[in-house]
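Take a look at the letters that make up each chain.
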Amino acid sequence: MRYDLTDLRLFVAIAEERNLTRGAARAHLAPSSASHRLRLLEELGTPLFERLARGLALTRAGDTLLRNARQVFAQIEQMHADLSPYASGVRGHVSLWANTHATHSYLPDDLAGFLKMYPQLSISLEEHTSPEIALAVANGDVEIGVLAEAEAGEGTELIPYRRDRLVLVVPGGHILAARARVRFVEVLDYPFVMLHAGSAIHTFTMNAAAALGRHLNVRIQVRSFEAVCRMVGSGVGIGLVPRSAVPSVALREPPVTVELDEPWAQRDLQIAVKSRARLSGFAAALVCSLSEGSRTDP
(Lines give C-alpha, C1' and ligand atoms only; values in the text may rest on other atoms or scores of the structure.)
Protein backbone atom coordinates (compact mmCIF):
# COMPACT_ATOMS: atom_id res chain seq x y z
CA MET A 1 0.00 0.00 0.00
CA ARG A 2 1.60 3.27 -1.13
CA TYR A 3 0.32 6.64 0.02
CA ASP A 4 1.43 10.10 1.15
CA LEU A 5 0.09 12.65 3.60
CA THR A 6 -2.16 14.16 0.94
CA ASP A 7 -3.78 10.75 0.45
CA LEU A 8 -4.32 10.37 4.21
CA ARG A 9 -5.78 13.88 4.55
CA LEU A 10 -8.12 13.14 1.67
CA PHE A 11 -9.15 9.81 3.18
CA VAL A 12 -9.90 11.39 6.59
CA ALA A 13 -11.91 14.17 4.93
CA ILE A 14 -13.97 11.69 2.89
CA ALA A 15 -14.51 9.46 5.93
CA GLU A 16 -15.70 12.37 8.07
CA GLU A 17 -17.90 13.84 5.33
CA ARG A 18 -19.12 10.38 4.19
CA ASN A 19 -19.08 11.85 0.71
CA LEU A 20 -16.32 11.90 -1.91
CA THR A 21 -17.19 15.28 -3.41
CA ARG A 22 -17.37 17.09 -0.07
CA GLY A 23 -14.23 15.31 1.14
CA ALA A 24 -12.37 16.34 -2.02
CA ALA A 25 -13.44 19.96 -1.47
CA ARG A 26 -12.12 19.86 2.12
CA ALA A 27 -8.81 18.50 0.84
CA HIS A 28 -8.71 21.14 -1.93
CA LEU A 29 -8.75 18.51 -4.69
CA ALA A 30 -10.91 18.03 -7.75
CA PRO A 31 -13.37 15.12 -7.41
CA SER A 32 -11.70 13.30 -10.31
CA SER A 33 -8.28 13.59 -8.64
CA ALA A 34 -9.76 12.51 -5.29
CA SER A 35 -11.42 9.50 -6.93
CA HIS A 36 -8.11 8.47 -8.49
CA ARG A 37 -6.22 8.78 -5.20
CA LEU A 38 -8.89 6.82 -3.35
CA ARG A 39 -8.75 4.08 -5.95
CA LEU A 40 -4.97 3.82 -5.48
CA LEU A 41 -5.47 3.60 -1.69
CA GLU A 42 -7.82 0.69 -2.16
CA GLU A 43 -5.25 -1.23 -4.17
CA LEU A 44 -4.40 -2.82 -0.84
CA GLY A 45 -6.93 -5.42 -1.90
CA THR A 46 -9.77 -4.54 0.43
CA PRO A 47 -12.27 -1.69 0.03
CA LEU A 48 -12.14 1.16 2.50
CA PHE A 49 -15.70 2.34 1.89
CA GLU A 50 -19.04 0.81 1.12
CA ARG A 51 -20.75 2.73 -1.69
CA LEU A 52 -24.31 3.45 -0.57
CA ALA A 53 -27.19 5.20 -2.29
CA ARG A 54 -26.60 8.25 -0.12
CA GLY A 55 -22.88 8.57 0.42
CA LEU A 56 -20.17 6.30 1.78
CA ALA A 57 -19.72 4.14 4.86
CA LEU A 58 -16.43 2.89 6.26
CA THR A 59 -15.61 -0.80 6.09
CA ARG A 60 -13.73 -2.43 8.96
CA ALA A 61 -10.49 -1.86 7.05
CA GLY A 62 -11.47 1.78 6.53
CA ASP A 63 -12.19 2.13 10.25
CA THR A 64 -8.70 0.86 11.04
CA LEU A 65 -7.08 3.22 8.54
CA LEU A 66 -9.04 6.20 9.89
CA ARG A 67 -7.95 5.51 13.47
CA ASN A 68 -4.31 5.21 12.46
CA ALA A 69 -4.43 8.23 10.13
CA ARG A 70 -5.74 10.40 12.97
CA GLN A 71 -2.89 9.18 15.18
CA VAL A 72 -0.39 10.08 12.44
CA PHE A 73 -1.73 13.63 12.19
CA ALA A 74 -1.80 13.99 15.99
CA GLN A 75 1.88 12.99 16.11
CA ILE A 76 2.69 15.44 13.33
CA GLU A 77 0.97 18.24 15.27
CA GLN A 78 2.94 17.30 18.36
CA MET A 79 6.15 17.37 16.33
CA HIS A 80 5.29 20.88 15.09
CA ALA A 81 4.59 21.97 18.67
CA ASP A 82 7.92 20.55 19.86
CA LEU A 83 9.84 22.25 17.05
CA SER A 84 8.06 25.61 17.12
CA PRO A 85 10.13 27.04 20.01
CA TYR A 86 13.29 26.63 17.93
CA ALA A 87 11.65 28.18 14.86
CA SER A 88 10.64 31.22 16.91
CA GLY A 89 14.17 31.83 18.12
CA VAL A 90 14.08 29.98 21.43
CA ARG A 91 17.54 28.51 21.91
CA GLY A 92 16.87 26.13 24.77
CA HIS A 93 14.25 23.66 25.93
CA VAL A 94 13.83 21.70 29.17
CA SER A 95 11.39 18.85 29.80
CA LEU A 96 9.91 18.72 33.31
CA TRP A 97 7.50 16.21 34.82
CA ALA A 98 5.85 16.91 38.17
CA ASN A 99 3.19 15.40 40.39
CA THR A 100 -0.15 17.10 41.04
CA HIS A 101 1.02 18.65 44.29
CA ALA A 102 3.96 20.48 42.74
CA THR A 103 2.12 21.34 39.52
CA HIS A 104 -0.74 23.06 41.30
CA SER A 105 0.98 24.50 44.37
CA TYR A 106 4.54 25.67 43.77
CA LEU A 107 5.69 25.35 40.19
CA PRO A 108 3.47 28.02 38.54
CA ASP A 109 5.14 30.85 40.49
CA ASP A 110 8.60 29.30 40.49
CA LEU A 111 8.63 28.62 36.74
CA ALA A 112 7.18 32.04 35.91
CA GLY A 113 10.03 33.73 37.77
CA PHE A 114 12.63 31.50 36.14
CA LEU A 115 11.29 32.04 32.60
CA LYS A 116 11.45 35.80 33.08
CA MET A 117 15.17 35.45 33.69
CA TYR A 118 15.62 33.20 30.63
CA PRO A 119 13.50 34.55 27.74
CA GLN A 120 15.40 32.32 25.28
CA LEU A 121 14.18 29.16 27.05
CA SER A 122 10.99 27.08 26.77
CA ILE A 123 9.78 24.46 29.25
CA SER A 124 7.37 21.58 28.69
CA LEU A 125 5.62 20.73 31.98
CA GLU A 126 3.63 17.49 32.23
CA GLU A 127 1.71 16.14 35.22
CA HIS A 128 2.39 12.51 36.16
CA THR A 129 2.37 10.32 39.25
CA SER A 130 5.56 10.22 41.30
CA PRO A 131 6.42 6.58 40.37
CA GLU A 132 6.03 7.44 36.68
CA ILE A 133 8.31 10.44 37.13
CA ALA A 134 10.98 8.44 38.97
CA LEU A 135 11.01 5.80 36.22
CA ALA A 136 11.13 8.39 33.40
CA VAL A 137 14.06 10.21 35.02
CA ALA A 138 15.96 6.98 35.69
CA ASN A 139 15.43 5.90 32.06
CA GLY A 140 16.57 9.25 30.72
CA ASP A 141 13.16 10.00 29.14
CA VAL A 142 12.88 13.32 30.96
CA GLU A 143 15.61 15.60 32.33
CA ILE A 144 13.97 16.84 35.53
CA GLY A 145 11.19 15.53 37.73
CA VAL A 146 9.49 16.88 40.84
CA LEU A 147 8.03 14.11 42.97
CA ALA A 148 7.15 13.00 46.47
CA GLU A 149 10.25 11.80 48.28
CA ALA A 150 8.65 8.51 49.36
CA GLU A 151 8.03 7.55 45.71
CA ALA A 152 11.58 8.08 44.47
CA GLY A 153 13.39 4.99 43.22
CA GLU A 154 16.91 3.93 42.36
CA GLY A 155 18.77 5.55 39.49
CA THR A 156 17.83 9.10 40.44
CA GLU A 157 19.64 11.88 42.29
CA LEU A 158 17.37 13.83 44.65
CA ILE A 159 17.59 17.52 45.55
CA PRO A 160 15.24 19.01 48.21
CA TYR A 161 12.49 21.23 46.79
CA ARG A 162 9.63 21.86 49.26
CA ARG A 163 8.31 20.46 52.53
CA ASP A 164 4.60 19.82 52.76
CA ARG A 165 2.01 17.42 54.14
CA LEU A 166 -1.33 16.02 53.05
CA VAL A 167 -4.21 17.04 55.30
CA LEU A 168 -7.90 16.24 55.46
CA VAL A 169 -10.32 19.10 54.77
CA VAL A 170 -13.89 18.76 56.07
CA PRO A 171 -16.90 21.08 56.26
CA GLY A 172 -17.23 23.15 59.43
CA GLY A 173 -19.75 21.32 61.65
CA HIS A 174 -18.81 17.92 60.21
CA ILE A 175 -18.35 15.21 62.83
CA LEU A 176 -14.64 15.06 61.95
CA ALA A 177 -14.14 18.82 62.35
CA ALA A 178 -13.74 18.44 66.12
CA ARG A 179 -10.93 15.92 65.70
CA ALA A 180 -7.29 17.00 65.91
CA ARG A 181 -6.11 14.09 63.76
CA VAL A 182 -7.59 11.01 62.07
CA ARG A 183 -6.42 7.83 60.40
CA PHE A 184 -7.20 7.41 56.71
CA VAL A 185 -9.21 4.23 57.34
CA GLU A 186 -11.59 6.23 59.58
CA VAL A 187 -12.75 8.50 56.75
CA LEU A 188 -13.32 6.01 53.93
CA ASP A 189 -17.08 5.81 54.48
CA TYR A 190 -17.58 9.53 53.82
CA PRO A 191 -18.17 11.01 50.33
CA PHE A 192 -15.05 12.56 48.83
CA VAL A 193 -14.38 15.64 46.70
CA MET A 194 -11.45 14.72 44.45
CA LEU A 195 -9.27 16.14 41.76
CA HIS A 196 -10.10 14.80 38.31
CA ALA A 197 -9.36 11.18 37.38
CA GLY A 198 -5.90 10.90 35.88
CA SER A 199 -4.38 13.50 38.21
CA ALA A 200 -1.46 12.20 40.23
CA ILE A 201 -3.10 12.80 43.62
CA HIS A 202 -6.31 11.09 42.46
CA THR A 203 -4.31 7.97 41.57
CA PHE A 204 -2.34 8.14 44.82
CA THR A 205 -5.48 8.45 46.98
CA MET A 206 -7.29 5.65 45.17
CA ASN A 207 -4.24 3.40 45.62
CA ALA A 208 -4.09 4.24 49.34
CA ALA A 209 -7.72 3.15 49.72
CA ALA A 210 -7.14 0.02 47.63
CA ALA A 211 -4.22 -0.94 49.90
CA LEU A 212 -6.80 -1.10 52.71
CA GLY A 213 -9.13 -3.19 50.56
CA ARG A 214 -11.56 -0.31 50.17
CA HIS A 215 -12.97 1.96 47.47
CA LEU A 216 -13.55 5.69 47.84
CA ASN A 217 -17.02 7.14 47.49
CA VAL A 218 -16.17 9.94 45.04
CA ARG A 219 -19.08 12.36 44.91
CA ILE A 220 -17.56 14.91 42.54
CA GLN A 221 -14.28 15.50 40.72
CA VAL A 222 -12.93 19.01 40.11
CA ARG A 223 -9.94 20.61 38.40
CA SER A 224 -8.03 22.37 41.20
CA PHE A 225 -7.25 22.15 44.91
CA GLU A 226 -9.04 25.46 45.47
CA ALA A 227 -12.18 23.95 43.92
CA VAL A 228 -11.81 20.95 46.25
CA CYS A 229 -11.70 23.30 49.26
CA ARG A 230 -14.69 25.32 48.04
CA MET A 231 -16.76 22.18 47.50
CA VAL A 232 -15.77 20.78 50.88
CA GLY A 233 -16.54 24.08 52.63
CA SER A 234 -20.00 24.01 51.03
CA GLY A 235 -20.68 20.58 52.52
CA VAL A 236 -20.38 18.43 49.39
CA GLY A 237 -17.92 16.00 50.98
CA ILE A 238 -14.45 15.75 52.47
CA GLY A 239 -11.13 16.05 50.67
CA LEU A 240 -7.44 15.28 50.82
CA VAL A 241 -5.10 18.12 49.80
CA PRO A 242 -1.57 19.38 50.53
CA ARG A 243 -1.52 21.84 53.41
CA SER A 244 0.02 24.43 51.09
CA ALA A 245 -3.00 24.14 48.77
CA VAL A 246 -5.53 25.22 51.40
CA PRO A 247 -6.41 28.78 50.29
CA SER A 248 -4.74 31.46 52.38
CA VAL A 249 -7.50 33.95 51.51
CA ALA A 250 -10.79 33.56 53.36
CA LEU A 251 -13.44 31.56 51.52
CA ARG A 252 -17.12 32.23 52.08
CA GLU A 253 -17.41 28.77 53.63
CA PRO A 254 -13.86 27.70 54.55
CA PRO A 255 -13.17 24.03 55.26
CA VAL A 256 -11.68 22.82 58.51
CA THR A 257 -8.21 21.27 58.32
CA VAL A 258 -7.63 18.00 60.20
CA GLU A 259 -4.24 16.32 60.53
CA LEU A 260 -3.92 12.97 58.77
CA ASP A 261 -2.23 10.44 61.05
CA GLU A 262 -0.43 8.44 58.36
CA PRO A 263 3.29 8.13 57.61
CA TRP A 264 2.63 8.69 53.91
CA ALA A 265 0.89 12.01 54.64
CA GLN A 266 4.29 13.72 54.80
CA ARG A 267 4.75 14.62 51.12
CA ASP A 268 8.06 16.43 50.95
CA LEU A 269 8.84 17.26 47.34
CA GLN A 270 12.16 16.46 45.75
CA ILE A 271 13.74 17.40 42.43
CA ALA A 272 14.82 14.21 40.68
CA VAL A 273 17.53 14.07 38.01
CA LYS A 274 19.54 11.19 36.60
CA SER A 275 22.83 12.99 37.24
CA ARG A 276 23.08 16.64 38.24
CA ALA A 277 26.61 16.81 36.86
CA ARG A 278 25.41 15.78 33.40
CA LEU A 279 22.47 18.17 33.06
CA SER A 280 22.34 20.56 30.11
CA GLY A 281 23.08 24.20 30.94
CA PHE A 282 19.46 25.37 31.09
CA ALA A 283 18.34 22.26 32.99
CA ALA A 284 21.10 22.81 35.55
CA ALA A 285 20.04 26.46 35.94
CA LEU A 286 16.41 25.39 36.46
CA VAL A 287 17.37 22.83 39.11
CA CYS A 288 19.45 25.48 40.89
CA SER A 289 16.56 27.96 40.79
CA LEU A 290 14.00 25.45 42.09
CA SER A 291 16.24 24.13 44.84
CA GLU A 292 16.75 27.65 46.18
CA GLY A 293 13.07 27.66 47.21
CA SER A 294 13.73 24.92 49.77
CA ARG A 295 15.95 27.29 51.75
CA THR A 296 13.04 29.57 52.54
CA ASP A 297 10.51 26.88 53.48
CA PRO A 298 9.65 26.50 57.17
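Going by the structure above, here's the rest.
This one's a predicted model, so the numbers in the text were calculated from it and none came from an experiment. (Residues numbered from 1 in each chain as written. Predicted model: local features only at pLDDT ≥ 70, side-chain atom pairs only at ≥ 80, totals over all residues. Heavy atoms only, no water.)

> Explanation requested: the pattern of salt bridges in the structure shown.
Where charged atoms from two side chains of opposite charge come close, those side chains can pair. Scanning the model with the defined rule gives 16 salt bridges in all. The salt bridge partner of Arg 181 is Asp 261, with a shortest N-O separation of 4.0 Å. Taken together, the residues Arg 181 in strand S8 (residues 181-182) and Asp 261 in the loop between strand S12 (256-260) and strand S13 (269-273) connect sequence positions 80 residues apart. Exposure remark for Arg 181: the relative accessible area of 40% places this residue in the partly exposed category. Through salt bridges that share partners, Glu 16, Glu 17, Arg 22, Arg 26 and Arg 70 make up one connected network. (Salt bridge = Lys/Arg side-chain N within 4 Å of Asp/Glu carboxyl O. Helix = DSSP H or I, 4+ residues; strand = E, 2+ residues; numbered from the N terminus. Buried < 20%, exposed > 50% of the residue type's maximum accessible area, 1.4 Å probe, protein only.)

> Quick question: what am I supposed to make of the packing of aromatic side chains here?
In this description, a pair of aromatic rings is defined by centroid distance and the angle of the planes. A full pass over the atoms with the stated rule returns 6 aromatic pairs. On the numbers, 6.1 Å between centres and 80° between planes, the contact of Tyr 106 with Tyr 161 is edge-to-face. Of the two residues, Tyr 106 sits in the loop between helix H5 (100-105) and helix H6 (107-117) while Tyr 161 sits in strand S6 (residues 157-162), which places them 55 residues apart along the sequence. Of the two residues examined, Tyr 106 and Tyr 161, each falls in the buried class. Measuring from ring centre to ring centre gives 5.3 Å for Phe 184 and Trp 264, while their planes differ by 85°; the resulting arrangement is edge-to-face. Of this pair, Phe 184 sits in the loop between S8 and strand S9 (191-195) while Trp 264 sits in the loop between S12 and S13, placing them 80 residues apart in sequence. On the basis of relative accessible area, Trp 264 is assigned to the partly exposed category, the value being 23%. One residue, Arg 162, lies across the ring of Tyr 161, its end atom 5.4 Å from the ring centre. Over the ring of Phe 204 we find Arg 267, and its NZ or CZ is 4.0 Å from the ring centre. (Phe/Tyr/Trp six-rings, centres within 6.5 Å; stacked < 30°, edge-to-face > 60°. Lys NZ or Arg CZ within 6 Å of the ring centre and 35° of its normal.)

> Looking at this structure, how should I read the sheet that holds strand S11 (residues 239-242)?
Sheets are built from strands paired through backbone hydrogen bonds, the pairs being either parallel or antiparallel. The strand order S8-S12-S7-S11 describes an open sheet built from 4 strands, whose pairing is mixed. With partners counted over all chains shown, the strands left at the sheet margins are S8 and S11, one partner each. Summarising the sheet, S8 and S12 pair through 2 bridges and their orientation is parallel. For Arg 181, the partnering residue across the bridge sits in S12 and is Glu 259. Here helix H9 (residues 225-233) sits on the sheet in contact with strand S7 (166-170) and S11, set at roughly 140° to S11. (Pairing = 2+ DSSP bridges. Contact = heavy atoms within 4.5 Å. Axes fitted to C-alpha atoms, helices over the stretch in contact; angles between N-to-C directions.)

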